[in-house]
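Descriptive analysis of the structure
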Amino acid sequence: MNGRAGRVGNQASAGDLLELVRSGRATTRGALQQATGLSRATVGQRLDRLFRAGWLREGAGGPVDSPLGGRPSITLEFDDAHAVVLAADLDTRHARAAVLSLTGEILAEQAGLLVLGDGPGAVLGELGHWFAELLRKTGRPADAVCGIGLAVPGPVDRDTGRVVQPPIMPGWDGYDIRGRLGRAFAEHAHGRADVPVLVDNDANLMAYGEQRTAYPDCSAFALVKVSTGIGAGVVVGGTIYRGIDGGAGDIGHIRVPEGADALCRCGSYGCLAAVASGGAVARRLAEAGVPAASGSDVRELLTAGHPEAVALAREAGRRVGDVLATVVTLLNPGVLMIAGDLAGTPFLTGVRELLYQRALPRSTAHLHVVTSRLGDRAGLIGAGALVVEHLYAPERVEERLLALGV
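Since the structure is predicted, the reported quantities are computational estimates derived from the model, not experimental observations.

Counting its secondary structure elements, the protein contains 14 helices and 14 strands. The C-alpha atoms of the protein give a radius of gyration of 23 Å, which matches the 22 Å a tight globule of 406 residues would have. Within the protein, buried positions represent 52% of all 406 residues. When contacts within the protein are restricted to residue pairs at least 6 apart in sequence, long-range pairs at least 24 apart make up 61% of them. Looking at the protein as shown, the accessible area adds up to about 17,700 Å², and 50% of this sits on carbon and sulfur atoms. The protein carries 40 positive and 43 negative side-chain charges, and their two centres are separated by 4 Å.

This is how it looks when you write it as structure tokens:
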């Protein structure tokens, strides 16, 4: 799960028991007694609250532990059918939204044109409409939604859910994303305006989704998203590393010598994103007479094997790989994942060329450089997981159970 050990002994709450069941560390009443030191009666009382909330269910009988035989132990399971999560992943000109189960299964999905430059009011209002349509497709009512997760291509203050000086999100700086999205959900889907809304950087949530899904045992995981801009997400010990105010991973604005004359969208010269992002490659292609305006256009050209796009993507990969040599030396990750519009063979080849040339052999000896497993869905799955881990954390379980009156 996310590395939380939970409390044991007489202080173990219903939330702690739920955490033990969800993580698979204890899935029978006897195992819960053993893990927490609680009496049979106390375990039963706390489980009863979880059953009444609809969060637990009984599964099939487990193996008989005693050599003398007897009835098998009844297993306990997290009931992922009692609620759903809404999630959306915003890029500069496109968005993807979904309804997910509490265990991360995508139940309905929609993707389409949604331009961040149109402003947060319009974009989040349209997302509310998308969410209403997706719920209709699944047949789930709005009151089944326990929370909403949103991935955005900019730095996010975790406490407020607001983006902070985002270079590629004009008009979004400091905007009340949580409040507006909650109101849009209420307006279009007839849900609660105060539904919990969690906002995080897209690379963070992509990293979280990929690490949890494909590399759960990797204690230091890094993902680099190269699309219109460049950003990185880092998961350490099962938890997203954000820095002190959400600015960790913004490697697109590291200065590089090759970009001394390149103006970045942040207003500075020489940023990595100004010379090696999908947007930068698109500009160079356009200057050469090849129609390309964004990272997604470059992606299409790469898929078609366009020779100039392939050459420029490999060159961009070398520039990113040079920076990643420092990142890898600092973090010593077990997995370095390349994702986004440019994450194909030409770019990856360029990254590997410079990364292994510049980084210390000690830093790369056990490093796996890979591409995305989840593709365009990584941000959605990460956003959904973030909501679930937030709402079903032991301390929050207690708050929610009291609110339900159980």
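The subject of this paragraph is the packing of aromatic side chains. The description of two aromatic rings rests on the distance between their centres and on the angle between their planes. Within this structure, the stated rule accounts for three aromatic pairs. Measuring from centroid to centroid gives 5.4 Å for Trp-55 and Tyr-392, while their planes differ by 75 degrees, and the two rings are edge-to-face. With a gap of 337 residues between them, Trp-55 in the loop between helix H3 (40-53) and strand E1 (56-61) and Tyr-392 in the loop between helix H13 (378-391) and helix H14 (394-404) connect regions that are remote in the sequence. Pair check on accessibility: Trp-55 and Tyr-392 agree, each one buried. Note on Phe-78 and Tyr-392: the rings are 5.3 Å apart at their centroids and 80 degrees apart in plane angle, and the pair reads as edge-to-face. One end of the pair, Phe-78, is in strand E2 (residues 74-78); the other, Tyr-392, is in the loop between H13 and H14, with 314 residues separating them in the sequence. Residue class for Tyr-392 comes out buried when judged on its relative accessible area of 0%. Each member of the aromatic cluster is reached from another via a ring pair, and the members are Trp-55, Phe-78 and Tyr-392. One cation-aromatic arrangement involves Arg-22 over Phe-78; the distance from NZ or CZ to the ring centre is 5.3 Å.

One simple way to see leftover space: roll a probe sized like a water molecule over the atoms. Taken as a whole and assessed by the stated rule, the structure comprises one cavity of 30 Å³ or more. What lines the largest cavity is Val-275, Ala-280, Val-281, Arg-284, Leu-312, Glu-315 and Ala-316. For the lining of the largest cavity, the secondary structure elements donating two or more residues are helix H8 (278-287) and helix H10 (307-331).

Counting buried positions over the eight residues of strand E6 (residues 145-152) gives eight, a clear majority of the element. In this structure, strand E3 (residues 84-90) lies alongside E6, joined through six bridges in parallel fashion. Within E6, the position partnered with Val-84 by the bridge is Val-145.

Further remarks concern the pattern of salt bridges. Counting across every chain of the model gives 24 salt bridges. For Arg-192, the salt bridge identified is with Asp-194, shortest N-O distance 3.0 Å. When its relative accessible area of 57% is taken as the criterion, Asp-194 is described as exposed. Close ionic contact of Arg-299 with Asp-341 constitutes a salt bridge, the shortest N to O distance being 3.4 Å.

With that out of the way, let us pick up the packing of H3 against H14. Closest axis-to-axis distance for the H3/H14 pair is 11 Å, and the angle between their directions is 65 degrees. In terms of crossing hand, the pair formed by H3 and H14 is left-handed. Counted together, Arg-49, Leu-50 and Ala-53 of H3 and Val-397, Glu-398, Leu-401, Leu-402 and Leu-404 of H14 form the full contact between these two elements. For the contact of H3 with H14, a count of residues per class yields six nonpolar, no polar and two charged.

What follows is about the sheet that holds E3. Strand order across the open sheet formed by five strands is E5-E4-E3-E6-E9, with mixed pairing between neighbours. Only two strands of the sheet have a single partner each, and these edge strands are strand E5 (106-113) and strand E9 (197-201). Ignoring which end each strand starts from, the neighbouring axes of this sheet average 15 degrees apart. Pairing of E6 with E9 involves five bridges; the strand directions are parallel. Along E9, the bridge assignment pairs Ala-151 with Asp-200. Against the sheet, helix H6 (residues 202-214) engages E3, E6 and E9, with an angle of about 100 degrees to E9.

Before going further, it helps to spend a moment on the nonpolar core. Leu-32, Leu-50, Phe-221 and Tyr-392 are the most contacted members of the largest nonpolar core, which has 55 residues in total. If you tally residues by element for this core, the top one is H13, at nine residues. The next biggest cluster of nonpolar side chains, apart from the first, holds 42 residues, and it includes Ile-251, Cys-264, Leu-285 and Val-369.

It is generally the case that most residues other than glycine have a negative phi and that most peptide bonds are trans. Located in the positive-phi region is Gln-165, a residue other than glycine, with phi close to 45 degrees. When you line up the elements, Gln-165 lands in the loop between strand E8 (162-163) and helix H5 (177-189). Backbone geometry at His-190 places phi at a positive 60 degrees, although glycine is not the residue there. When you line up the elements, His-190 lands in the loop between H5 and E9. Among the residues examined, His-190 registers a relative accessible area of 68% and is labelled exposed.

Relative to the assigned elements, Ser-227 resides in the loop between strand E10 (220-226) and strand E11 (230-236). Overall, Ser-227 belongs to the buried group, its relative accessible area being 3%. In terms of polar contacts, Ser-227 uses its side chain to reach the backbone amide nitrogen of Asp-341, at 3.1 Å. With near-sequence residues (within four places) excluded, Ser-227 lies in contact with Asp-91, Ser-277, Gly-278, Gly-279, Gly-340 and Asp-341.

About the criteria used
Residues numbered from 1 in each chain as written. Predicted model: local features only at pLDDT ≥ 70, side-chain atom pairs only at ≥ 80, totals over all residues. Heavy atoms only, no water. Helix = DSSP H or I, 4+ residues; strand = E, 2+ residues; numbered from the N terminus. Rg over C-alpha atoms; globule rule 2.2 N^0.38 Å. Buried < 20%, exposed > 50% of the residue type's maximum accessible area, 1.4 Å probe, protein only. Contact = heavy atoms within 4.5 Å. Areas by Shrake-Rupley, 256 points an atom, 1.4 Å probe, with all protein chains shown as cover. Lys, Arg positive; Asp, Glu negative; His and termini not counted. Charge placed at Lys NZ, Arg CZ, Asp CG, Glu CD. Phe/Tyr/Trp six-rings, centres within 6.5 Å; stacked < 30°, edge-to-face > 60°. Lys NZ or Arg CZ within 6 Å of the ring centre and 35° of its normal. 1 Å grid on protein atoms, 1.4 Å probe; cavity = no way out; pocket = protein on both sides within 12 Å on 5 of 7 lines; lining within 4 Å. Points joined across faces, edges and corners; volume = space filled by probe spheres on them. Pairing = 2+ DSSP bridges. Salt bridge = Lys/Arg side-chain N within 4 Å of Asp/Glu carboxyl O. Axes fitted to C-alpha atoms, helices over the stretch in contact; angles between N-to-C directions. Left-handed = near helix turned anticlockwise from the far one by under 90°. Nonpolar A, V, L, I, M, F, W, Y, C, P; charged D, E, K, R; others polar. Core = buried A, V, L, I, M, F, W, Y, C linked by side-chain atoms within 4.5 Å. Polar contact = N/O pair within 3.5 Å; in protein donor to acceptor, adjacent residues only side chain to side chain.

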